[in-house]
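A structural walkthrough
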Amino acid sequence: MSAETPAASGQFARRRLQFRAWRGTRPFWAGLFVMLGGLPIAYFPYAHLQVGHLTLAMATTAGAGSLIIGVLLVVLGFSLWFQKHVRTFAGVAAILLALVSIPVSNLGGFLIGFLLAMVGGALAVSWAPGAPPEPQALQDVAQGEGGAPAGAAPYEAAPHESASYYETAPQESAPHESADGASEPNDLSGTSPVNNGANGRHSAG
(Lines give C-alpha, C1' and ligand atoms only; values in the text may rest on other atoms or scores of the structure.)
Protein backbone atom coordinates (compact mmCIF):
# COMPACT_ATOMS: atom_id res chain seq x y z
CA MET A 1 0.00 0.00 0.00
CA SER A 2 1.63 3.24 -1.14
CA ALA A 3 1.80 6.43 0.87
CA GLU A 4 -0.13 8.30 -1.84
CA THR A 5 -3.30 6.25 -1.40
CA PRO A 6 -4.85 8.34 1.44
CA ALA A 7 -4.15 11.59 -0.41
CA ALA A 8 -5.70 10.24 -3.62
CA SER A 9 -8.74 9.01 -1.72
CA GLY A 10 -9.20 12.39 -0.03
CA GLN A 11 -8.88 14.22 -3.34
CA PHE A 12 -11.44 11.91 -4.96
CA ALA A 13 -13.88 12.52 -2.10
CA ARG A 14 -13.39 16.28 -2.41
CA ARG A 15 -13.97 16.17 -6.18
CA ARG A 16 -17.07 14.08 -5.68
CA LEU A 17 -18.50 16.57 -3.17
CA GLN A 18 -17.74 19.46 -5.53
CA PHE A 19 -19.49 17.66 -8.39
CA ARG A 20 -22.50 16.94 -6.17
CA ALA A 21 -22.73 20.62 -5.19
CA TRP A 22 -22.45 21.67 -8.85
CA ARG A 23 -25.06 19.12 -9.90
CA GLY A 24 -27.53 20.27 -7.24
CA THR A 25 -27.64 23.87 -8.52
CA ARG A 26 -28.85 23.04 -12.06
CA PRO A 27 -31.19 20.61 -13.89
CA PHE A 28 -28.44 18.05 -14.36
CA TRP A 29 -30.57 14.98 -15.07
CA ALA A 30 -32.79 16.89 -17.46
CA GLY A 31 -29.80 17.94 -19.54
CA LEU A 32 -28.39 14.42 -19.46
CA PHE A 33 -31.62 12.84 -20.71
CA VAL A 34 -31.99 15.44 -23.47
CA MET A 35 -28.45 14.83 -24.70
CA LEU A 36 -28.89 11.06 -24.60
CA GLY A 37 -32.13 11.44 -26.54
CA GLY A 38 -30.41 13.35 -29.32
CA LEU A 39 -27.81 10.65 -29.97
CA PRO A 40 -30.06 7.85 -31.35
CA ILE A 41 -32.16 10.35 -33.26
CA ALA A 42 -29.08 11.57 -35.11
CA TYR A 43 -27.42 8.17 -35.45
CA PHE A 44 -30.02 5.72 -36.75
CA PRO A 45 -30.78 7.46 -40.08
CA TYR A 46 -27.11 7.08 -41.01
CA ALA A 47 -26.59 3.58 -39.60
CA HIS A 48 -26.52 0.28 -41.45
CA LEU A 49 -27.98 -2.81 -39.86
CA GLN A 50 -26.19 -6.07 -40.68
CA VAL A 51 -28.51 -9.07 -40.72
CA GLY A 52 -26.42 -12.09 -41.66
CA HIS A 53 -25.20 -11.46 -45.23
CA LEU A 54 -27.84 -8.81 -45.73
CA THR A 55 -27.02 -5.15 -45.13
CA LEU A 56 -30.05 -3.03 -44.32
CA ALA A 57 -29.60 0.70 -44.86
CA MET A 58 -31.83 2.74 -42.58
CA ALA A 59 -30.95 6.05 -44.21
CA THR A 60 -33.96 8.11 -45.20
CA THR A 61 -34.49 11.19 -47.27
CA ALA A 62 -34.89 13.15 -44.02
CA GLY A 63 -31.43 12.18 -42.78
CA ALA A 64 -30.29 15.79 -42.68
CA GLY A 65 -33.34 16.71 -40.61
CA SER A 66 -32.58 13.90 -38.15
CA LEU A 67 -29.01 15.13 -37.79
CA ILE A 68 -30.20 18.66 -37.10
CA ILE A 69 -32.70 17.47 -34.49
CA GLY A 70 -30.07 15.36 -32.76
CA VAL A 71 -27.51 18.16 -32.70
CA LEU A 72 -30.10 20.62 -31.38
CA LEU A 73 -31.04 18.24 -28.56
CA VAL A 74 -27.39 17.87 -27.56
CA VAL A 75 -26.96 21.65 -27.56
CA LEU A 76 -30.10 22.07 -25.46
CA GLY A 77 -28.76 19.52 -22.98
CA PHE A 78 -25.54 21.47 -22.55
CA SER A 79 -27.57 24.67 -22.23
CA LEU A 80 -29.48 23.14 -19.33
CA TRP A 81 -26.18 22.43 -17.60
CA PHE A 82 -24.46 25.77 -18.08
CA GLN A 83 -27.37 28.18 -18.73
CA LYS A 84 -29.96 27.09 -16.21
CA HIS A 85 -32.01 30.28 -16.58
CA VAL A 86 -33.20 29.06 -20.03
CA ARG A 87 -34.50 25.79 -18.59
CA THR A 88 -38.16 26.49 -19.52
CA PHE A 89 -37.36 27.38 -23.12
CA ALA A 90 -34.93 24.47 -23.46
CA GLY A 91 -37.42 22.02 -21.96
CA VAL A 92 -40.25 23.08 -24.27
CA ALA A 93 -37.92 23.02 -27.30
CA ALA A 94 -36.72 19.51 -26.39
CA ILE A 95 -40.32 18.26 -26.17
CA LEU A 96 -41.21 19.79 -29.55
CA LEU A 97 -38.09 18.37 -31.22
CA ALA A 98 -38.87 14.95 -29.76
CA LEU A 99 -42.38 15.09 -31.27
CA VAL A 100 -41.03 16.20 -34.64
CA SER A 101 -38.51 13.36 -34.63
CA ILE A 102 -41.29 10.74 -34.79
CA PRO A 103 -42.14 11.28 -38.50
CA VAL A 104 -38.70 12.57 -39.46
CA SER A 105 -36.18 10.26 -37.79
CA ASN A 106 -37.37 6.65 -37.86
CA LEU A 107 -40.00 7.08 -35.14
CA GLY A 108 -37.70 9.22 -33.07
CA GLY A 109 -34.75 6.81 -33.13
CA PHE A 110 -37.00 3.77 -32.67
CA LEU A 111 -38.73 5.53 -29.76
CA ILE A 112 -35.51 5.48 -27.71
CA GLY A 113 -34.46 9.05 -28.44
CA PHE A 114 -38.08 10.20 -28.38
CA LEU A 115 -38.70 8.90 -24.85
CA LEU A 116 -35.39 10.20 -23.49
CA ALA A 117 -35.95 13.65 -24.97
CA MET A 118 -39.51 13.80 -23.67
CA VAL A 119 -38.47 12.84 -20.15
CA GLY A 120 -35.56 15.31 -20.18
CA GLY A 121 -37.78 18.15 -21.46
CA ALA A 122 -40.40 17.46 -18.78
CA LEU A 123 -37.73 17.44 -16.06
CA ALA A 124 -36.32 20.73 -17.36
CA VAL A 125 -39.72 22.45 -17.32
CA SER A 126 -40.60 21.20 -13.84
CA TRP A 127 -37.19 21.90 -12.27
CA ALA A 128 -36.93 24.86 -9.91
CA PRO A 129 -33.93 26.12 -7.94
CA GLY A 130 -34.00 25.28 -4.27
CA ALA A 131 -34.56 28.01 -1.70
CA PRO A 132 -31.42 29.11 0.15
CA PRO A 133 -31.24 27.98 3.79
CA GLU A 134 -32.62 30.42 6.31
CA PRO A 135 -30.21 32.06 8.81
CA GLN A 136 -32.09 30.49 11.71
CA ALA A 137 -31.66 27.03 10.21
CA LEU A 138 -27.95 27.66 9.71
CA GLN A 139 -27.67 28.77 13.32
CA ASP A 140 -29.44 25.64 14.52
CA VAL A 141 -27.09 23.47 12.47
CA ALA A 142 -24.07 25.30 13.88
CA GLN A 143 -25.33 24.79 17.40
CA GLY A 144 -25.95 21.10 16.75
CA GLU A 145 -22.46 20.57 15.34
CA GLY A 146 -20.31 22.77 17.52
CA GLY A 147 -22.30 23.29 20.70
CA ALA A 148 -22.70 26.95 21.60
CA PRO A 149 -22.73 29.34 18.63
CA ALA A 150 -19.81 31.65 17.95
CA GLY A 151 -19.95 34.92 19.83
CA ALA A 152 -22.24 33.63 22.53
CA ALA A 153 -21.59 34.67 26.10
CA PRO A 154 -19.85 32.06 28.24
CA TYR A 155 -21.89 30.01 30.61
CA GLU A 156 -22.57 31.76 33.88
CA ALA A 157 -23.02 29.63 36.89
CA ALA A 158 -25.98 30.12 39.15
CA PRO A 159 -25.37 32.31 42.21
CA HIS A 160 -25.40 29.35 44.55
CA GLU A 161 -22.92 27.46 42.34
CA SER A 162 -20.31 30.20 42.27
CA ALA A 163 -17.33 29.90 44.58
CA SER A 164 -17.44 33.61 45.34
CA TYR A 165 -20.89 33.19 46.79
CA TYR A 166 -19.53 31.18 49.68
CA GLU A 167 -16.70 33.65 50.20
CA THR A 168 -18.84 36.77 50.31
CA ALA A 169 -21.98 35.38 51.90
CA PRO A 170 -22.58 36.86 55.36
CA GLN A 171 -22.00 34.48 58.21
CA GLU A 172 -24.80 34.33 60.66
CA SER A 173 -23.67 34.31 64.25
CA ALA A 174 -24.48 31.21 66.20
CA PRO A 175 -26.95 31.57 69.04
CA HIS A 176 -24.23 31.00 71.61
CA GLU A 177 -21.91 33.70 70.20
CA SER A 178 -21.98 37.17 71.60
CA ALA A 179 -22.14 40.37 69.64
CA ASP A 180 -18.42 41.15 70.12
CA GLY A 181 -17.38 37.81 68.62
CA ALA A 182 -16.40 36.09 71.87
CA SER A 183 -18.00 32.72 72.14
CA GLU A 184 -19.64 31.69 75.34
CA PRO A 185 -19.90 28.13 76.56
CA ASN A 186 -23.27 26.64 75.89
CA ASP A 187 -24.01 25.33 79.33
CA LEU A 188 -27.23 23.42 79.28
CA SER A 189 -26.99 22.27 82.86
CA GLY A 190 -28.83 25.31 84.21
CA THR A 191 -32.54 25.57 84.54
CA SER A 192 -32.96 29.08 83.21
CA PRO A 193 -33.52 29.07 79.45
CA VAL A 194 -32.54 32.73 79.27
CA ASN A 195 -29.09 32.43 80.86
CA ASN A 196 -27.81 29.35 79.11
CA GLY A 197 -28.89 30.47 75.61
CA ALA A 198 -30.71 27.23 74.89
CA ASN A 199 -33.78 29.06 73.66
CA GLY A 200 -35.99 27.41 76.25
CA ARG A 201 -34.94 23.86 75.38
CA HIS A 202 -33.35 21.57 77.98
CA SER A 203 -30.82 18.97 77.09
CA ALA A 204 -31.99 15.43 77.41
CA GLY A 205 -28.72 14.18 78.77
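Residues numbered from 1 in each chain as written. Predicted model: local features only at pLDDT ≥ 70, side-chain atom pairs only at ≥ 80, totals over all residues. Heavy atoms only, no water.

A short note on the overall build of the protein chain
- On a plain count of helices and strands, the protein chain comes out with eight helices and two strands.
- Counting from the amino terminus, the protein chain carries its helices and strands in the arrangement α-α-β-β-α-α-α-α-α-α.
- For the protein chain, the proportion of its 205 residues judged to be buried stands at 22%.
- Residue pairs at least 24 apart in sequence account for 62% of intrachain contacts in the protein chain once pairs closer than 6 positions are excluded. (Helix = DSSP H or I, 4+ residues; strand = E, 2+ residues; numbered from the N terminus. Buried < 20%, exposed > 50% of the residue type's maximum accessible area, 1.4 Å probe, protein only. Contact = heavy atoms within 4.5 Å.)

Observations regarding the side chain of Ser66
- Structurally, the position occupied by Ser66 is in helix α3 (residues 63–82).
- Those residues in contact with Ser66, other than ones at most four positions away along the chain, are Ile41, Ala42, Pro45, Val104 and Ser105.

Digging into helix α2 (residues 28–43)
- Taking 1.5 Å of rise per residue, 16 residues should cover 22 Å, and α2 covers 23 Å from first to last C-alpha, within 8% of that figure.
- Among the residues making up α2, those that are buried are Phe28, Ala30, Gly31, Val34, Met35, Gly37, Gly38, Pro40, Ile41 and Ala42. (Expected span 1.5 Å × (residues − 1).)

What about the packing of aromatic side chains?
- The full count for this structure, using the stated rule, is 12 aromatic pairs.
- Judged by centre distance (5.1 Å) and plane angle (80°), the rings of Phe44 and Phe110 are edge-to-face. Separated by 66 residues along the polypeptide, Phe44 in the loop between α2 and β1 (48–51) and Phe110 in helix α5 (residues 106–110) bring together distant segments of the chain.
- Using a relative accessible area of 18% as the deciding quantity, one classes Phe44 as buried.
- Residue Phe110 is classed as partly exposed on the basis of its relative accessible area of 43%.
- Grouping aromatic residues by their ring pairs yields a cluster made of Phe19, Trp22, Phe28, Trp29, Phe78, Trp81 and Phe82. (Phe/Tyr/Trp six-rings, centres within 6.5 Å; stacked < 30°, edge-to-face > 60°.)

Observations concerning unusual backbone geometry
- We note that Phe110 has phi near 55°; this positive angle belongs to a residue other than glycine.
- Even without being a glycine, Leu111 presents a positive backbone phi close to 65°.
- For Leu111, the position within the fold is in the loop between α5 and α6 (112–126).

Digging into the packing of helix α4 (residues 87–104) against α6
- Remark: α4 packs on α6, axes separated minimally by 8 Å, with the N-to-C direction vectors making an angle of 160°. The angle between α4 and α6 falls in the class roughly antiparallel. Handedness of the crossing formed by α4 with α6: left-handed. Here α4 contributes Arg87, Thr88, Gly91, Val92, Ala94, Ile95, Ala98, Leu99, Ser101 and Ile102 to the contact with α6, which in turn contributes Phe114, Ala117, Met118, Gly121, Ala122, Ala124 and Val125. (Axes fitted to C-alpha atoms, helices over the stretch in contact; angles between N-to-C directions. Parallel < 35°, antiparallel > 145°, perpendicular 65-115°, else oblique. Left-handed = near helix turned anticlockwise from the far one by under 90°.)

Details of the nonpolar core
- Counting residues in each nonpolar core, the largest one holds 15 residues, and the members touching the most others are Val34, Ile69, Leu73, Leu76, Leu80, Ala94 and Leu97.
- Of all the secondary-structure elements, those providing two or more residues to this core are α2, α3, α4 and α6.
- Apart from residues lying up to four places away in sequence, Ala94 is in contact with Val34, Leu73, Leu76, Ala117 and Gly121. (Core = buried A, V, L, I, M, F, W, Y, C linked by side-chain atoms within 4.5 Å.)

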